[in-house]
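Summary of structural features
Chain residues, written in single-letter form:
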Amino acid sequence: MAEAEIQRTGDAAGLAALIARAAGQTGDDKRGLPPVERWNPPFCGDIDMEIRADGTWFYLGTPIGRQPLVRLFSTVLRKDEDGITYLVTPVEKVAIRIADAPFIAVEMSVTQTDGVQVLTFRTNVGDVVEAGPEHPLRFVIHGENRELKPYLHVRGRLEALVSRPVMYDIVELGETVVVDGVEMFCARSGGSIFPIMKAAELEALSR
């Protein structure tokens, strides 16, 4: 039984091998991402895996230090309508813990395509995503200190938290745009406008 196999798997490499066999792929980027959205396996319980707020993956309380293993696990992540994030194969799904977002956007490049600015992000697990209509940016003001936290849609219901250095790069490119009659400080990418905050709030914060 798949659940029993997972419970007996004592290290991340063993778990990765199990997932690779079940998913029928080895994590080779050339083969593309597994079609996890099309799989409908039974729920087989929780496993002791956590993605912490800084993007570090832990299994059985130990950091997963090998990037190819992290990449493999990231390709079979799925967040369902219940708000829980799972590792999914064709034969099982198991719940894991996410402290904030499953991915971190660690790098950004700025290009022009036919005169349109495009922001392209690289995540800590190797995804390359262009912000735009299919991959929007959203900005959250979080906590008592009113911390700005940008998120980038990666795939399915999965997002990447934009790292603080990259966030500053986005803010440097920001501009004031009137959105629904309100002056908003916004970022542009791929022909889309993504409001960051009200221009008046930004002005107040910068005083």
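All of the points below concern the structure found in this document. All values derive from a computational prediction rather than experimental measurement.

**Some points on the pattern of salt bridges**
What the rule picks out here adds up to 13 salt bridges. For Lys149, the salt bridge goes to Asp100, with nearest N and O atoms at 2.6 Å. Taken together, the residues span a long stretch of sequence, with Lys149 in strand β11 (residues 147-155) and Asp100 in the loop between β6 (93-98) and β7 (103-113) at a distance of 49 residues. Judged by its relative accessible area of 12%, Lys149 falls in the buried class. On the accessibility criterion, Asp100 (27% relative accessible area) is partly exposed. A salt bridge links Arg122 to Glu107; the nearest nitrogen and oxygen atoms lie 2.7 Å apart. In this pair, Arg122 sits in strand β8 (residues 116-123) while Glu107 sits in strand β7, placing the two residues 15 residues apart along the sequence. Taking relative accessible area as the criterion, Glu107 reaches 42% and is therefore assigned partly exposed.

**Topic: the environment of Glu201**
Mapping Glu201 onto the fold places it in helix α5 (residues 199-205). Classification of Glu201 by relative accessible area gives partly exposed; the value is 29%. Along the backbone, Glu201 and Met184 are 17 residues apart, and their C-alpha atoms lie at a distance of 9.1 Å.

**A word on helix α3 (residues 67-75)**
Burial runs high along α3: 7 of the 9 residues are buried. Looking only at α3, the buried set comprises Leu69, Val70, Arg71, Leu72, Phe73, Ser74 and Thr75.

**A few points about the packing of aromatic side chains**
Under the defined criterion, the tally for this structure stands at 2 aromatic pairs. Seen from their ring centres, Trp57 and Phe73 are 6.2 Å apart, and the 20° between their planes marks the pair as stacked. Of the two residues, Trp57 sits in strand β2 (residues 57-59) while Phe73 sits in helix α3, which places them 16 residues apart along the sequence. The pair Trp57 / Phe73 is uniform in exposure class, with both members buried. Cation over ring: Arg52 sits above Phe58, and NZ or CZ is 3.6 Å from the ring centre. Between Arg138 and the ring centre of Tyr151, over which it is positioned, the NZ or CZ distance is 4.5 Å.

**Quick look at the pairing of strand β13 (residues 175-179)**
Both β13 and strand β14 (residues 182-189) contribute to a ladder of 5 bridges, which runs antiparallel. Residue Val179 lies in a different strand from β14, and its bridge partner there is Val182. Counted between consecutive antiparallel strands, the loop separating β13 from β14 contains 2 residues, among which Asp180 sits at a positive phi close to 50°.

**Let's talk about unusual backbone geometry**
Here the phi dihedral of Asp114 falls at roughly 55°; this positive angle occurs in a residue that is not glycine. Relative to the helices and strands, Asp114 is located in the loop between β7 and β8. Take Asp114: its relative accessible area is 80%, and that puts it in the exposed class. Of note, the phi angle at Asp180 is positive, near 50°, even though the residue is not glycine. By secondary structure assignment, the location of Asp180 is in the loop between β13 and β14.

Thresholds applied
- Residues numbered from 1 in each chain as written.
- Predicted model: local features only at pLDDT ≥ 70, side-chain atom pairs only at ≥ 80, totals over all residues.
- Heavy atoms only, no water.
- Salt bridge = Lys/Arg side-chain N within 4 Å of Asp/Glu carboxyl O.
- Helix = DSSP H or I, 4+ residues; strand = E, 2+ residues; numbered from the N terminus.
- Buried < 20%, exposed > 50% of the residue type's maximum accessible area, 1.4 Å probe, protein only.
- Phe/Tyr/Trp six-rings, centres within 6.5 Å; stacked < 30°, edge-to-face > 60°.
- Lys NZ or Arg CZ within 6 Å of the ring centre and 35° of its normal.
- Pairing = 2+ DSSP bridges.

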